[in-house]
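One letter stands for each residue in the lines below.
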Amino acid sequence: MEQPTAIQAAELYHSVSDAEEKLSAVLGAENVLITRIRTVYRSLQQEAMLHILEITSVDELNSGGQGIPVATLRRAGYENVRQLAELSVRQLDQLAGIGDATLEKVILRVQEIARHARDVARVRIEERTKDTEALVRNVMILQDTKELMLDAAAISAAKDPKLKEQLAEEERMTSPMTWRTLSQEERERSFVAYRILLDWQEAGAPDTIRRIYTEFAEREKSLTQDLCWERFQKNTAPVYALLENLVGASGPVSQGLPEEIVKEIQAFPLDTSLMKATLRNYQEFGTKYILHQKRTLLGDEMGLGKTMQALAAMAHLSSEKKTHFLVVCPVSVLVNWIREIEQHTQLSASEIYGNDREQEFSNWLRNGGIAVTTFETVTKLAPPEGLLLDLLVVDEAHYVKNPEAERTKGLVRYAAVADRVLFMTGTPLENRVDEMIFLIGMLNTEKAEEIRGMKELSMAPEFREKVAPVYLRRTREDVLKELPEKVEKEEWCRLGEKELEAYRASLAEGNFANVRRVSWNVDDLADSVKARRLLEIVEEAKEEKRKVLVFSFFLDTIQRVRELLGDRVFGPISGSVPAEKRQELVDQFAAGPDGSVLLCQIVAGGVGLNIQAASVVVLLEPQWKPSIETQAISRVYRMGQARSVEVFRLLAEKTVDEHVLRILKGKSEIFDGFADESSVGEASMELLEDQMKNAMTKILEEERKNHHISPEESSEDAAGQEQEV
């Protein structure tokens, strides 16, 4: 190569120097963004802590009987702990009537309360402020430019580590005056540096760096505050997931597990390279648990992303060259599984259902990937000889509780050829202990036998410790520290004259289903007090730019509400609506205007759908089972919800609603005790079942007595009583 001219050397020097500066800018952007995020987060956390101190009365200083003269503090104008926390020691010392010993007690107690407030303070991004806007925007810039940063990091890792030294050497060639003063050895070093830098440029690295830098700047500019806030309102989960990783804003992830198991699981090397989504800390732990323990029952409460954890487990196994995964689920959520696979992973999805199931099954056997099918389909397609499943996932596993059922037998056949098995259920509270043992028995017969004799055990920690190798359950309160508030309101209404007439007529008929339609079974909904309250709630939601999800058990009630609300209504979603159509209705509702209403039959719309577009839930009548209401509310109040959630229960006083609600609350306590403590014995569950069988008859008798309906007026209609128990 001929010696370059000073102009050629200068052009190369400036080109490479410019690329090096742009590369450093992109690589440094990550640290800048992370620093900004952490700074703003600490500011918001401080605000949350101060709010707690502000609502903490000075009376709390003396809660432990420390002998602090609270009355003296109040006379001095101090009503809450924040006021005291913001005072200096000198200012406190100047308070009349407080000596040195008491002053020290006040300071120590204020510090103690402040530490506790700091520990429990939660950052909830609800109000749009300067700080929350900055936090959301910086997180989204970091998310949307991550790929560019990784590309820049790869170029940096591949370049000569002495590039800057070579630039300094080559710079001498750019000035004829400097060049003349160099020794022969120095000239040779500069010429070598020139050739190295020229090779780097001709390989295209500087051009690639400039492209990355330009694209980075364009993306950052395009992510305006308005756009970022709009995106955040639609889906908060990615923002909170990244925040959790950066600032450690998470609750406990391994509820109830022994420490030795936790350490083993945390050490498991998880590969998420085939995931498009960022896992929360508790989801990452759950995924490792699934993989490490191999045959597990994941009982996380609804809304915590059990599907995401299952997908992450399959993505990890796929990165290890595993090929065949099977998901078995109710038909109502089959479409949702396909959408989740495509949205959150780089894996292929096959729907094995309907008339083409055999052909799709053959294609999946040949090509691999994630096959999604239904409980009914697995009874018709036996696993072929030689099949080895890398992971079998059973969604809504509580459907599999009868060992004689065909669906159970079908799943047993597939579980026998699976290296790993994952059962998932967000509603284990419905299971009897025997049913829970049966599910665990399909996963680990030895563990099932171990706990079989413990079903009467009242000490829940011992039970949880025994099932820990198989069963993992976390609740929203455990892990979703950032969830907006959920406010549940009982909206009691007083029946008008025509409603009372219709109600008494239903009581006289002895038709419990009609009795439960109280206020909705009048001839004209203009006479319905519940209908009027529903209209008010919907109007208020529209004013607050919210959307509403309305549930009822009864299809005719839903139809009447549809007519009442007119063109603002989407749906209804009922048991007769196919899964594909249900998702279409949810999507249309999400795209609808403020004040839109999605109508759902509670036994259909309460399962398998994510409806975070709504933040107001209305239950038109109380339900028999607490799990049904919990499932319905969880369609809205789940990870990804950006706004506070309001739940309205429309109730008519001095009617059947009072009785059902009383039973609902009592029953809920029993179920909660079993679901979270695993301590209710079989006898208690059988007693509960007997109570529920007699409940409708007793309620009818009580209500007839309350409304002065004589036995002669009533006509028992057993056929009209609901099969809800």
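Residues numbered from 1 in each chain as written. Predicted model: local features only at pLDDT ≥ 70, side-chain atom pairs only at ≥ 80, totals over all residues. Heavy atoms only, no water.

1. Structural notes on the packing of helix H6 (residues 130–144) against helix H12 (residues 225–234)
Two numbers describe how H6 lies on H12: the axes approach to 9 Å, and their chain directions differ by 85 degrees. One way to sum up the angle between H6 and H12 is to call them roughly perpendicular. Contact residues: Thr132, Glu133, Val136, Arg137, Met140 and Asp144 in H6; Gln225, Cys228, Trp229, Arg231 and Phe232 in H12. Classifying every residue of the contact of H6 with H12 by side-chain character gives five nonpolar, two polar and four charged. (Axes fitted to C-alpha atoms, helices over the stretch in contact; angles between N-to-C directions. Helix = DSSP H or I, 4+ residues; strand = E, 2+ residues; numbered from the N terminus. Parallel < 35°, antiparallel > 145°, perpendicular 65-115°, else oblique. Contact = heavy atoms within 4.5 Å. Nonpolar A, V, L, I, M, F, W, Y, C, P; charged D, E, K, R; others polar.)

2. Here we look at the nonpolar core
One finds Ile125, Leu135, Leu142, Phe232 and Leu243 to be the most contacted residues of the largest nonpolar core, which totals 49 residues. Going through the elements one at a time, helix H1 (6–54), H6, helix H7 (146–158), helix H8 (163–171), helix H10 (184–202), helix H11 (205–222), H12 and helix H13 (237–247) are the ones with two or more residues in this core. Looking at this core, the element that brings in the most residues is H1, giving 14 residues. For Ile125, the residues in contact, after removing those within four places along its chain, are Thr132, Leu135, Val136, Trp229, Phe232, Tyr240, Leu243 and Ala642. (Core = buried A, V, L, I, M, F, W, Y, C linked by side-chain atoms within 4.5 Å. Buried < 20%, exposed > 50% of the residue type's maximum accessible area, 1.4 Å probe, protein only.)

3. A short note on the sheet that holds strand E1 (residues 295–298)
One open sheet accounts for seven strands, arranged E3-E4-E2-E5-E6-E1-E7; its pairing is parallel. A single partner strand is all that each edge strand has here, and the edge strands are strand E3 (349–352) and strand E7 (471–472). Note: E3 against strand E4 (residues 369–374), four bridges, orientation parallel. Bridge pairing in E4 places Ala349 opposite Ile370. (Pairing = 2+ DSSP bridges.)

4. Some thoughts on the pattern of salt bridges
Under the criterion given, the structure shown has 40 salt bridges. In this structure, the salt-bridge partner of Arg82 is Glu86, at a minimum N-O distance of 2.9 Å. Of the residues examined, Arg82 reaches a relative accessible area of 24% and is grouped as partly exposed. Among the ionic pairs, Glu185 bridges to Arg189, the shortest N-O distance being 3.4 Å. Of the two residues, Glu185 and Arg189 are both situated in helix H10; the distance of four residues between them amounts to about one turn of the helix. On the basis of relative accessibility, which here comes to 56%, the residue Glu185 falls in the exposed class. Note on Arg189: relative accessible area 35%, which makes it partly exposed. Salt bridges sharing common partners tie together Asp18, Lys22, Asp207 and Arg210. (Salt bridge = Lys/Arg side-chain N within 4 Å of Asp/Glu carboxyl O.)

5. A look at the sheet that holds strand E8 (residues 486–493)
Strand pairing in a sheet is mediated by backbone hydrogen bonds. Such pairs are either parallel or antiparallel. Taken together, six strands build an open sheet; the order of strands is E8-E13-E12-E9-E11-E10 and the sheet is parallel. Taken across any chain shown, the strands that pair with only one partner, and hence form the sheet edges, are E8 and strand E10 (569–573). For this sheet, the mean inter-axis angle between neighbouring strands, taken without regard to orientation, is 20 degrees. In the packing of helix H28 (residues 555–565) onto the sheet, contacts are made with strand E9 (548–552), E10 and strand E11 (597–601), and the angle to E11 comes to roughly 165 degrees. Contacting E8, E9, strand E12 (616–619) and strand E13 (645–652), helix H31 (residues 626–634) crosses the sheet at an angle of about 140 degrees to E13.

6. Description of the side chain of Asn80
By the element assignment, Asn80 lies in the loop between helix H2 (70–75) and helix H3 (81–85). Only 3.1 Å separates the side chain of Asn80 from the backbone nitrogen of Arg82, close enough to count as a polar contact. Looking at Asn80, its side chain comes within polar contact range of the main-chain nitrogen of Gln83, at 3.0 Å. Beyond its immediate chain neighbours, meaning those up to four positions away, Asn80 contacts Leu53, Glu54, Thr56, Ser57 and Val58. (Polar contact = N/O pair within 3.5 Å; in protein donor to acceptor, adjacent residues only side chain to side chain.)

7. What to know about the packing of H1 against helix H5 (residues 100–120)
Where H1 meets H5, the closest approach of the two axes is 8 Å, and the angle between their N-to-C directions is 130 degrees. Judged on the interaxial angle alone, H5 and H1 are oblique. Taken as a pair, H1 and H5 cross one another with a handedness that is right-handed. Residues Met49, Ile52 and Leu53 of H1 form the contact with H5, whose participating residues are Ile113, Ala114, Ala117, Arg118 and Val120. For the contact of H1 with H5, the per-class residue count stands at seven nonpolar, no polar and one charged. (Left-handed = near helix turned anticlockwise from the far one by under 90°.)

8. Some thoughts on a negative patch on the surface
Side chains of Glu260, Glu264, Glu462 and Glu465 sit close together on the surface and give a patch of like negative charge. Sorting the residues of the negative patch by element identifies helix H14 (259–266) and helix H23 (460–467) as the ones contributing at least two each. Secondary-structure assignment places Glu462 in helix H23. On the accessibility criterion, Glu462 (44% relative accessible area) is partly exposed. (Patch = residues over 30% accessible without salt bridge, like charges linked within 9 Å, V, L, I, M, F, W, Y side chains within 5 Å. Areas by Shrake-Rupley, 256 points an atom, 1.4 Å probe, with all protein chains shown as cover. Lys, Arg positive; Asp, Glu negative; His and termini not counted. Charge placed at Lys NZ, Arg CZ, Asp CG, Glu CD.)

9. Remarks on helix H20 (residues 406–416)
Among all positions of H20, only Thr408, Gly410, Leu411, Tyr414 and Ala415 are buried. Buried residues along H20 cover an arc of 160 degrees about the axis, so they all sit on one side. (Arc of directions from axis to C-beta.)

10. Notes on the pairing of strand E5 (residues 391–394)
Because side chains alternate across E5, one face comprises the buried residues Leu391 and Val393, and the other comprises Leu392 and Val394, equally buried. Here strand E2 (residues 324–329) runs beside E5; their pairing, made up of four bridges, is parallel. Bridge pairing links Val327 to Val393 in E5. Examined bridge by bridge, E5 and strand E6 (residues 421–424) share three bridges and lie parallel to one another. Along E6, the bridge assignment pairs Val393 with Leu422. Handedness of the crossover joining E5 and E6 through H20: right-handed. (Right-handed = clockwise from strand over helix to strand, strands pointing away.)

11. A word on the packing of aromatic side chains
For the coordinates displayed, the defined rule picks out six aromatic pairs. Pairing Trp229 with Phe232 gives two aromatic rings, centres 5.5 Å apart and planes at 45 degrees, and the pair type is tilted. Residue Trp229 and its partner Phe232 are both found in helix H12; the two are separated by three residues, about one turn of the helix. Ring geometry for Phe375 versus Tyr399: centroids 5.7 Å apart, planes at 35 degrees, classification tilted. In this pair, Phe375 sits in helix H19 (residues 375–378) while Tyr399 sits in the loop between E5 and H20, placing the two residues 24 residues apart along the sequence. (Phe/Tyr/Trp six-rings, centres within 6.5 Å; stacked < 30°, edge-to-face > 60°.)

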